[in-house]
Amino acid sequence: MIETSGELQGRPLAPDQSFCFACRPGLACFNSCCTGKRLPLLPYDFLRLRQALDLPAAEVLSRHVELEADPVSGWPALRIKLTPEGACPFVSEQGCAVYLDRPTCCRIYPLARAVRPGKGGRPPREVFLRQDTPGCLGWDQPEELTIAAWTLDQGLAPYQAANNQAMGLFMHPARQGEVSLNDQQTHAFISALYNLEAFRPLAASPGFGEKFGFSQERLAEALADDEALLSLGVDWLTGVFFGKTKTE
Ligand code: SF4
Ligand code: SF4
């Protein structure tokens, strides 16, 4: 799973390797990077964006999201719909209007993170790469950082935790090459991972827990909290597509 826009390129960084970078208003390049980019929305990205916008999920989907099939995996891939001028709709003169809830790709820049599931219960394998984008003056700043410091500074922990869980679905070991979803499967995918208001009644329906192996405690938690509902949606879809659900 690639957590940044575009193809994964750049120089790998060792886990303890430092780099110099800072981004702030006042730089001549300020806001220039919010135009002309592909801005992927992973499920947790969308949840946070929807909360920031305080709009129904269906409205955010129709107003701000484009859907395509990922060219490599075939999974539905959502991204922010740019303006006719090619800008992110959330960029303003003062900067990002959804800064506290900006998606993973915006948080993690100037790095990119590629991650693969760990084998045998081990943690996911991850690689960070420098994204030396031409015109980005952040690279000329003196502040010295490590990957861990940047991850902390940018509030990436909950994003990476949710993205790692979704990776278990997207990169499931039973997946054979490119997936090809029919309309019904695509609807289930969008509902369980993005349109939680549509998924909640299904999760609350009689017999859902028994049928898919979820405890009443987990269902109750999911029905009371969107992040828990998204986590349930990931596990439900994993069961629907690959035949096994988690039961905690
Ligand atoms: S320093 Fe880089 S990331 Fe920051 S505004 Fe400039 S181009 Fe964008
Ligand atoms: S979400 Fe915010 S940081 Fe990301 S491209 Fe849009 S305006 Fe820029």
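Residues numbered from 1 in each chain as written. Chains lettered and ligands numbered in written order. Predicted model: local features only at pLDDT ≥ 70, side-chain atom pairs only at ≥ 80, totals over all residues. Heavy atoms only, no water.

What am I meant to see in the nonpolar core here?
Residues Leu193, Phe199, Phe208, Leu232, Trp236 and Leu237 are the most contacted members of the largest nonpolar core, which totals 57 residues. The two domains that each donate at least three residues to this core are domain 1 (11-170) and domain 2 (183-242). Not counting the four nearest positions on each side in its chain, Trp236 is found in contact with Ala188, Ala192, Phe199, Leu202, Phe208, Phe212 and Phe214. (Core = buried A, V, L, I, M, F, W, Y, C linked by side-chain atoms within 4.5 Å. Buried < 20%, exposed > 50% of the residue type's maximum accessible area, 1.4 Å probe, protein only. Domains from an automatic or database assignment. Contact = heavy atoms within 4.5 Å.)

How should I be thinking about the environment of Glu93 in this particular structure?
Note on placement: Glu93 falls in the loop between β5 (91-92) and β6 (95-96). On the accessibility criterion, Glu93 (74% relative accessible area) is exposed. Between the C-alpha atoms of Glu93 and Pro25, which are 68 residues apart in sequence, the distance is 9.7 Å. Excluding its chain neighbours within four sequence positions, the residues that come into contact with Glu93 are Phe30 and Asn31. (Helix = DSSP H or I, 4+ residues; strand = E, 2+ residues; numbered from the N terminus.)

Got a minute to help me understand unusual backbone geometry in this structure?
With glycine set apart, most residues show a phi of negative sign, and most peptide bonds adopt trans. The omega torsion of the bond from Tyr109 to Pro110 falls at 25°, within 30 degrees of zero and hence cis. Among the secondary structure elements, Pro110 is positioned in the loop between α3 (104-108) and β7 (111-116). For Asn31, which is not a glycine, the phi torsion comes out positive at approximately 80°. The residue Asn31 is located in the loop between β2 (19-20) and α1 (43-53) in this model. Residue Asn31 is classed as buried on the basis of its relative accessible area, which comes to 18%.

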